[in-house]
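# What the coordinates show
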Amino acid sequence: MKGVPATASGRYRRIKTGLACLLLGWFFLVPFLRWDRGPDLPGQAILFDLPGRRLFLFGWEFWPQDLPIAVGLLVGAASLLFYATALAGRVWCGFACPQTVWTDLFFAVDRFCEHRRIPPVLVKIAIALLTGFGFACWFTDAPTLAGRLLGGSAAPGSYGAVLIIGGLTWLLGVYAKQRVCLHMCPWPRFQAALLDRDSQVVTYQAWRGESRGRKRIPLREDLGGEPGGTRGDCIDCTRCVAVCPTLIDIRDGLQMGCIGCGLCVDACDTVMEKIGRPKGLIRFDSETNANAKSWTKTLPRPFAAKPMLFLSVALLALGASLFAMLTLSPLRADLDPQRNPLFVRLSDGGIRNDFLLHIQARQPGLSTLRLRLAEGEAGLLRLASSGDHIGAETVDVTLDQRELRERLLITRSAGADAKGRSPLHLLVQDARDGRLLGTVETQFWGPES
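Conventions used here
Residues numbered from 1 in each chain as written. Predicted model: local features only at pLDDT ≥ 70, side-chain atom pairs only at ≥ 80, totals over all residues. Heavy atoms only, no water. 1 Å grid on protein atoms, 1.4 Å probe; cavity = no way out; pocket = protein on both sides within 12 Å on 5 of 7 lines; lining within 4 Å. Points joined across faces, edges and corners; volume = space filled by probe spheres on them. Helix = DSSP H or I, 4+ residues; strand = E, 2+ residues; numbered from the N terminus. Nonpolar A, V, L, I, M, F, W, Y, C, P; charged D, E, K, R; others polar. pLDDT = per-residue confidence, 0-100. Patch = residues over 30% accessible without salt bridge, like charges linked within 9 Å, V, L, I, M, F, W, Y side chains within 5 Å. Areas by Shrake-Rupley, 256 points an atom, 1.4 Å probe, with all protein chains shown as cover. Salt bridge = Lys/Arg side-chain N within 4 Å of Asp/Glu carboxyl O. Buried < 20%, exposed > 50% of the residue type's maximum accessible area, 1.4 Å probe, protein only. Expected span 1.5 Å × (residues − 1). Arc of directions from axis to C-beta. Contact = heavy atoms within 4.5 Å. Pairing = 2+ DSSP bridges. Axes fitted to C-alpha atoms, helices over the stretch in contact; angles between N-to-C directions.

### Some remarks on the layout of surface pockets
Its boundaries defined by the atoms lining it, the largest pocket holds a volume of some 590 Å³. As for the largest pocket, its lining consists of 26 residues, and the residues nearest its centre are Arg54, Ala361, Gln401, Arg402 and Glu403. Residue assignment for the lining of the largest pocket shows that the elements contributing at least two residues are β8 (351–361) and β12 (403–412). Here the element with the most residues in the lining of the largest pocket is β8; it accounts for three residues. Tallied by class, the residues present in the lining of the largest pocket amount to eight nonpolar, eight polar and ten charged.

Shown next, in the form of structure tokens:
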């Protein structure tokens, strides 16, 4: 079929198929995993809750202020990608890139439908829409999404996600195909900076394959052929070109269009086996070893200087992010001073500051909290809605759906040091066991004299 690479069988084809199944399964099935967080909270293990501006990841809940953790994870993931590229070229592109996975899936649909007289366009439309549906499942309750979409009760964003992602899948997987890898993707443009002559890349052993010729031409003497033979091991069958997803000829040397999928290795090994010649005419190897004309391929060097640099950065970034995730505060508390006026002088000579208290609980099960000032800091607390005009050293508050917005009034007596600006520390504790959950630092304002 025109534009569809031929099939290949071998180790790298099996690896590609296995990884594709794993990644597609992850994309479509993980949103259906359940995680019990208690009442009034989503039961989806991984959920991007855009209306609530939070991300649920199993037992974690991330808010916008946790963005540094995401940055650390992205830096770590990028460094791991650099590490893999420095070791083995574009293995990400060849085996795990979404464009590669979906394009390979559409190629499989073309081959399947060709022999069964099934219109491939219908199957591809179904896959594109299913991809849009799978994407939307990460942002809303997955088990009920299909029913809501069909019943017309889903959010407009869900319909938009299905149509837009489905359309992009159709455009990139059906029409653009390998053009994305050759012309649109920026990755091959700067991968040369990550590679060196010892990196494992797909190489054609020209010293062994040239000169090309049909099998009936005598083999070169240095390859075990007859005296006067002129043919190398390459019989110019072009199977390596036929199976290449980007339709390049690896025999022309390492090229920007090579995605390192290894299918040409499988195809060439199959031909070599059929004609009774050793495998490895095309193989993953370093350019240094290929130029050395060695029959034995070199192994990756994971502890070389350049790969180790990228691995070190990845471990530091991922380690810092993991530490931050394990030490996340169970709640967020903000105390926003109300500056109009800065302070109020009471009839008994006391000084009062008004604050807007905002508490969000990250940890399920937190319902009643206790507020008090740090040791050594004078002041009485009361809520504006409580009706209490005296105040107390501690105040208990109840969260409504793990959130509280309330005016908190803090008063210092005339005898206390309430002059000018002084530091104020509000402690937030679990009312059940007194466990300290967080500390809010702010300023208490009083008259200058």
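On we go.
### Regarding the confidence of the model for the chain
Looking at the chain as a whole, the pLDDT averages 90, with 99% of positions reaching at least 70. Of all helices and strands in the chain, the one with the weakest mean pLDDT is helix α9 (residues 187–190) (80), whereas helix α1 (residues 11–29) scores best (96).

### Thoughts on a nonpolar patch on the surface
Taken together, Leu67, Val71, Val75, Leu309 and Val313 make up a surface patch of nonpolar side chains, about 420 Å² in accessible area. In terms of residues, the nonpolar patch owes the most to one element, helix α2 (residues 67–88), which gives three residues. Turning to its location among the elements, leucine 309 is positioned in helix α14 (residues 305–326). The exposure class of leucine 309 is exposed, given its relative accessible area of 53%.

### Points about the environment of glutamate 114
Looking at where glutamate 114 falls in the secondary structure, it is placed in helix α4 (residues 98–114). According to the relative accessible area criterion, glutamate 114 is partly exposed, its value standing at 40%. Taking C-alpha positions, glutamate 114 is 44 Å from proline 307, a pair spaced 193 residues apart along the chain.

### A word on α1
Two residues of an α-helix separated by three or four positions point the same way, owing to the 3.6 residues in each turn. Over its 19 residues, α1 runs 27 Å from end to end, which matches the ideal 27 Å to within 8%, given 1.5 Å per residue. Looking at α1, one finds that the buried residues are Tyr12, Arg13, Lys16, Ala20, Leu24 and Phe27. Within α1, the buried residues cover an arc of 100 degrees as seen down the axis, which keeps them to one side. Away from the buried face of α1 by more than 90 degrees, exposed residues Arg14, Cys21, Leu22 and Leu29 are located. Looking at the buried residues of α1, the elements they touch are α3 (91–96), α4, α5 (120–137), α12 (263–274) and β5 (282–285).

### Details of empty space enclosed by the protein
Scanning the entire structure with this criterion turns up five cavities of 30 Å³ or more. For the largest cavity, the calculated volume is near 140 Å³. Thr100, Thr103, Phe107, Pro245 and Ile259 are the residues nearest the centre of the largest cavity, which is lined by 18 residues in total. Broken down by secondary-structure element, the contributors of at least two residues to the lining of the largest cavity are α1, α4 and α8 (178–184). In terms of residue count, α4 provides more of the lining of the largest cavity than any other element does, six residues in total. The residue makeup of the lining of the largest cavity, split by class, is eight nonpolar, five polar and five charged. Its boundaries defined by the atoms lining it, the second largest cavity holds a volume of some 110 Å³. For the second largest cavity, the lining is made up of 15 residues, of which Cys234, Cys237, Cys240, Cys268 and Leu281 are closest to its centre. The set of elements that each furnish at least two residues to the lining of the second largest cavity consists of α11 (239–242) and α12. A per-element tally of the lining of the second largest cavity places α12 first, with four residues.

### What to know about α14
For α14, with 22 residues, the first-to-last C-alpha span of 31 Å sits near the 32 Å given by 1.5 Å per residue. Here α14 has its buried residues at Pro307, Phe310, Leu311, Ala314, Ala317, Ser321 and Met325. Summarising the axial view, the buried residues of α14 lie within an arc of 135 degrees, below the 170-degree limit, and thus occupy one face. Residues of α14 that are exposed and point over 90 degrees away from its buried face: Ala305, Leu309, Leu315, Leu316, Phe323 and Leu326. Against β2 (54–57), β3 (60–62) and α2 lie the buried residues of α14.

### Comments concerning the sheet that holds β2
Strand order in the open sheet formed by three strands is β1-β2-β3, with antiparallel pairing between adjacent strands. Both edges of this open sheet fall to β1 (46–49) and β3, since each of them pairs with a single strand only. The mean inter-strand angle of the sheet, taken between neighbouring strand axes irrespective of direction, is 10 degrees. Strand direction decides the pairing type here: β1 and β2, joined by four bridges, are antiparallel. Looking across to β2, one finds that isoleucine 46 is bridged to leucine 57.

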